[in-house]
Amino acid sequence: MENKKPRLGFFKYSCCAGCEFQFIYFQKHIIEVLENFDFVFCKMVSSGGTPEGPFDISLVEGTITESWQVDELKKIRQRSRYLFAIGSCAINGGIPAIKSTQPELEIEKRVYCDLSNIHSIRPNAISAYVKVDGDIKGCPPGERDLYEALTSVLYGKEPDFLEYSVCVECKLKGNICVLVAYNMPCMGPVTNAGCGALCPSNNRACYACWGPMKQANASALARQFEAMGLSSEDIVRRFTLFGSVTTEFRKASELYED
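Please read these numbers as outputs of a predicted model, since none were measured by experiment. (Residues numbered from 1 in each chain as written. Predicted model: local features only at pLDDT ≥ 70, side-chain atom pairs only at ≥ 80, totals over all residues. Heavy atoms only, no water.)

**Quick notes on the overall build of the protein**
No. 1: Counting secondary structure elements, the protein contains 11 helices and seven strands.
No. 2: Taken over the C-alpha trace, the protein has a radius of gyration of 19 Å; the compact-globule value for 258 residues is 18 Å, and the two agree within 12%.
No. 3: If one aligns the C-alpha atoms of the protein with their principal axes, the spans along those axes are about 65 × 55 × 30 Å.
No. 4: When burial is assessed residue by residue, the protein has 47% of its 258 residues classed as buried. (Helix = DSSP H or I, 4+ residues; strand = E, 2+ residues; numbered from the N terminus. Rg over C-alpha atoms; globule rule 2.2 N^0.38 Å. Buried < 20%, exposed > 50% of the residue type's maximum accessible area, 1.4 Å probe, protein only.)

**Brief notes about the packing of aromatic side chains**
No. 1: Following the criterion strictly, the structure yields nine aromatic pairs and no others.
No. 2: Aromatic pair Tyr207 and Phe242: ring centres 6.1 Å apart, planes at 40 degrees, arrangement tilted. Here Phe242 lies in the loop between helix H10 (232-240) and helix H11 (247-254) and Tyr207 lies in the loop between helix H8 (178-181) and helix H9 (218-227), a separation of 35 residues in the sequence.
No. 3: The partly exposed category is assigned to Tyr207, whose relative accessible area is 42%.
No. 4: Here Phe242 falls in the buried class, since its relative accessible area comes to 4%.
No. 5: Here a set of aromatic residues connected by ring pairs shows up, and it is made of Phe10, Phe23 and Phe39. (Phe/Tyr/Trp six-rings, centres within 6.5 Å; stacked < 30°, edge-to-face > 60°.)

**Quick notes on the nonpolar core**
No. 1: Judged by nonpolar contacts, the single largest core of 24 residues is most densely connected at Met187, Val190, Leu221, Phe225, Ile235, Phe239 and Phe249.
No. 2: Of all the secondary-structure elements, those providing two or more residues to this core are helix H7 (166-173), H8, H9, H10 and H11.
No. 3: Here the element with the most residues in this core is H9; it accounts for four residues.
No. 4: Residues within four places of Phe239 in sequence aside, it is in contact with Met187, Val190, Ala218, Leu221, Ala222, Phe225, Ser244, Phe249, Ala252 and Ser253.
No. 5: Formed by 19 residues, the second largest nonpolar core is a distinct cluster that contains Leu8, Phe10, Phe23 and Cys42. (Core = buried A, V, L, I, M, F, W, Y, C linked by side-chain atoms within 4.5 Å. Contact = heavy atoms within 4.5 Å.)

**Focus: unusual backbone geometry**
No. 1: Residue Pro54 is reached from Gly53 by a cis peptide bond, and omega for that bond is 5 degrees.
No. 2: Along the polypeptide, Pro54 turns up in the loop between strand E2 (38-42) and strand E3 (55-61).
No. 3: Following Cys139, the chain continues to Pro140 via a peptide bond in cis, the omega torsion being 0 degrees.
No. 4: Mapped onto the elements, Pro140 comes out in the loop between strand E7 (134-136) and helix H6 (143-155).
No. 5: Of note, the phi angle at Asn183 is positive, near 60 degrees, even though the residue is not glycine.
No. 6: Its place among the elements puts Asn183 in the loop between H8 and H9.

Here you go:
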């Protein structure tokens, strides 16, 4: 009997849809893996598909910013054998979570004249509401972790994601440290690896688009930025651009918020 392909669903919440776009169009070698899956639901493909499931693997991008998204996400979790968060918005709030630094009502008033039909909630990662089997980090996600997540489902093994900082990637590539040598406010020491140290490799400071490394000492880096002459406002910006709802980055930004 011919083995059936694992059923895959791709779901989107508050984000730019760049993860789904990257997933379909910009992977150089991932097509060899994707051929082994049955796309049951994915809005960017021609047929779209059905969201009812069941799914062997569901990929979820985007920040949770409305109550109906929570209800739908829980249903997806129930219908999925494996569920992976894909991209910074789903994993650590990403850009949409910048608004978490202010009261939700104040943000709503800035955008809408009539709030009677607005039911937004404080932005959060999907792991705040459901169990996640792995994080495919990045903005957009990198090929290495995407490949790792999909092949782990195909082979029935635990995915092996990188759990160290961008600084390690810089060392592996032989990069000069832009923080020490050039006095750039680089977020590499507290940012999770996976991008291949893309920005520092081009003599630019990391801006943490992959989110915080677990147990990162972000407060120490924030104090280093202060010693370098950065204003409190600039320091807060660096720790709230990505991952403002995470414990690691929140601790650092709170040191300098009014």
